[in-house]
Amino acid sequence: MTTVEVPNASNKEITFVLFDPGRQILKKVKFDKSFEELSEQLIHTPQMIDRYDALLALKSFPVDQKRDLLIHCFSKESFHLNKSEVISQLAGDSDLKTIDMIKKAIHDEDVYVRRAVVQNILSIPEEVKKDCETLLTDLSYINVELALANLVSSFPSEADRYFEITKHEEGWRGKNIRIKWLELAVGLGKKEHLDELIRYSSKSYEFETRQNALMALKRLNYLDNRVAENLLDAAIYWNYKLVNTAKEVINFFKQQTEGKARLTSCLNNMTLSKEDYELLKKMINF
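In this text, all values refer to a predicted model and were calculated from it rather than measured experimentally.

Thresholds, definitions, all that
- Residues numbered from 1 in each chain as written.
- Predicted model: local features only at pLDDT ≥ 70, side-chain atom pairs only at ≥ 80, totals over all residues.
- Heavy atoms only, no water.
- Helix = DSSP H or I, 4+ residues; strand = E, 2+ residues; numbered from the N terminus.
- Contact = heavy atoms within 4.5 Å.
- Polar contact = N/O pair within 3.5 Å; in protein donor to acceptor, adjacent residues only side chain to side chain.
- 1 Å grid on protein atoms, 1.4 Å probe; cavity = no way out; pocket = protein on both sides within 12 Å on 5 of 7 lines; lining within 4 Å.
- Points joined across faces, edges and corners; volume = space filled by probe spheres on them.
- Nonpolar A, V, L, I, M, F, W, Y, C, P; charged D, E, K, R; others polar.
- Salt bridge = Lys/Arg side-chain N within 4 Å of Asp/Glu carboxyl O.
- Buried < 20%, exposed > 50% of the residue type's maximum accessible area, 1.4 Å probe, protein only.
- Phe/Tyr/Trp six-rings, centres within 6.5 Å; stacked < 30°, edge-to-face > 60°.
- Lys NZ or Arg CZ within 6 Å of the ring centre and 35° of its normal.

Enquirer: Any chance you could explain the environment of Leu 182 here in plain terms?
Expert: Locating Leu 182 in the fold gives a position in helix 10 (residues 176-187). Taking the C-alpha atoms as reference, Leu 182 lies 8.7 Å from Ala 216; in sequence the two are 34 residues apart. Not counting chain neighbours up to four residues away, the residues in contact with Leu 182 comprise His 193, Glu 196, Leu 197 and Tyr 200.

Now the structure itself:
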């Protein structure tokens with residue numbers, strides 16, 4: 001064992017110690033620090049990664065002890081990763097000071113800070129409802145999708161208003177907003193939108209749209225003959241990402257007696273090569 005002594009010739013008070021500032025060395029290290037040491041590190045260290053390390057270490061401390069410190073950190077921080085970690089640790093806190101910080105985060109200029117709000121605060125407090133509604137027109141398609149889901153879940157009586165605001169939004173990767181819109185609408189009993197959602201799971205669309213549609217149908221626990229055929233077709237597609245999604249959805253439905261029977265019946269009615277038939281048969285496990 002090697003002991004390294006660092007002299008303190010001036011006998012100054014040491015508020016915190018950093019080993020390897022900025023994480024320059026590939027290493028494993030255990031360095032337990034007190035709340036006071038972590039507080040000083042969070043506020044005074046110049047490098048973002050060292051502040052982030054302090055934030056991670058603060059996870060184990062109770063909210064009442066760290067609330068003011070984290071809010072102060074948020075007000076001074078410039079990097080989205082650190083701001084997002086603060087939001088994560090205070091997401092379930094109902095203190096008015098935290099609510100005020102969340103409002104500021106919703107209107108932050110950084111898209112990832114706004115995203116941290118919709119990723120961590122799924123049940124929206126009434127106090128930030130109007131602020132969250134502004135995210136339905138956010139520049140980020142992911143933020144719009146998540147905000148729509150959270151608002152509809154938190155305030156179902158106002159779902160129609162949220163649907164109206166976003167009814168023309170398609171999104172980007174795999175029609176993410178439109179498919180979430182359809183999933184939420186069908187989940188609230190608007191069955192007239194089911195056909196469109198099923199259509200997006202078919203071979204007429206690219207793989208990301210099909211992935212999103214199949215996962216939405218899984219969450220809705222909906223399987224009819226059209227979905228079953230689209231699902232089995234996806235499971236033998238050339239793109240492994242779509243295949244993996246299809247396998248996950250098949251595994252979900254085959255656990256149900258009716259679902260397994262429907263998949264089996266659909267498979268037996270499809271025109272397939274012997275190789276594909278045997279592959280799908282093995283997936284369904286019959």
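Enquirer: Looking at this model, I keep getting lost on the environment of Ser 75. Mind explaining?
Expert: Mapped onto the elements of the fold, Ser 75 is located in helix 3 (residues 63-76). In this structure the C-alpha to C-alpha distance between Ser 75 and Lys 247, which are 172 residues apart in sequence, comes to 45 Å. At 2.6 Å, the side chain of Ser 75 and the backbone oxygen of His 72 are in polar contact.

Enquirer: Can you walk me through the layout of surface pockets in this structure?
Expert: Where empty space is left can be seen by rolling a probe of water-molecule size over the atoms. In this model, the largest pocket occupies a volume close to 440 Å³. Forming the walls of the largest pocket are 19 residues, and the residues nearest its centre are Val 29, Phe 31, Lys 33, Gln 41 and Asp 53. Residue assignment for the lining of the largest pocket shows that the elements contributing at least two residues are helix 1 (35-44) and helix 2 (48-57). When residues of the lining of the largest pocket are assigned to their parent elements, the largest contribution, five residues, is made by helix 2. The residue inventory of the lining of the largest pocket, partitioned by class, reads nine nonpolar, two polar and eight charged. In this structure, the second largest pocket spans a volume of roughly 290 Å³. Looking at the second largest pocket, it is lined by 16 residues, and the ones nearest its centre are Ile 142, Glu 145, Arg 173, Asn 176 and Asn 212.

Enquirer: Any chance you could explain the pattern of salt bridges here in plain terms?
Expert: Working definition: two side chains of opposite charge can pair if their charged atoms are close together. Enumeration according to the criterion identifies 25 salt bridges in this entry. Between Lys 104 and Asp 100 there is a salt bridge whose closest N-O contact spans 3.4 Å. Pair noted here: Lys 104 and Asp 100 are both in helix 5 (residues 96-106), with a separation of four residues, about one helical turn. The exposure class of Asp 100 is partly exposed, given its relative accessible area of 39%. Glu 208 is paired through a salt bridge with Arg 173; the nearest N and O atoms lie 2.6 Å apart. In this pair, Glu 208 is assigned in helix 12 (residues 207-220) and Arg 173 in the loop between helix 9 (159-166) and helix 10, connecting sequence segments 35 residues apart.

Enquirer: Whenever I open this one, the packing of aromatic side chains confuses me. Can you help?
Expert: Any pair of aromatic rings gets described here by the distance separating the centres and the angle formed by the planes. Per the stated rule, a full pass over the model turns up five aromatic pairs. Measuring from centroid to centroid gives 5.0 Å for Tyr 200 and Tyr 205, while their planes differ by 85°, and the two rings are edge-to-face. Centroid distance Tyr 237 to Trp 238: 5.4 Å. Interplanar angle 40°. Geometry classified as tilted. On the basis of relative accessibility, which here comes to 67%, the residue Trp 238 falls in the exposed class. When the ring centre of Trp 172 is taken as reference, the NZ or CZ atom of Arg 173 above it lies at 4.9 Å.

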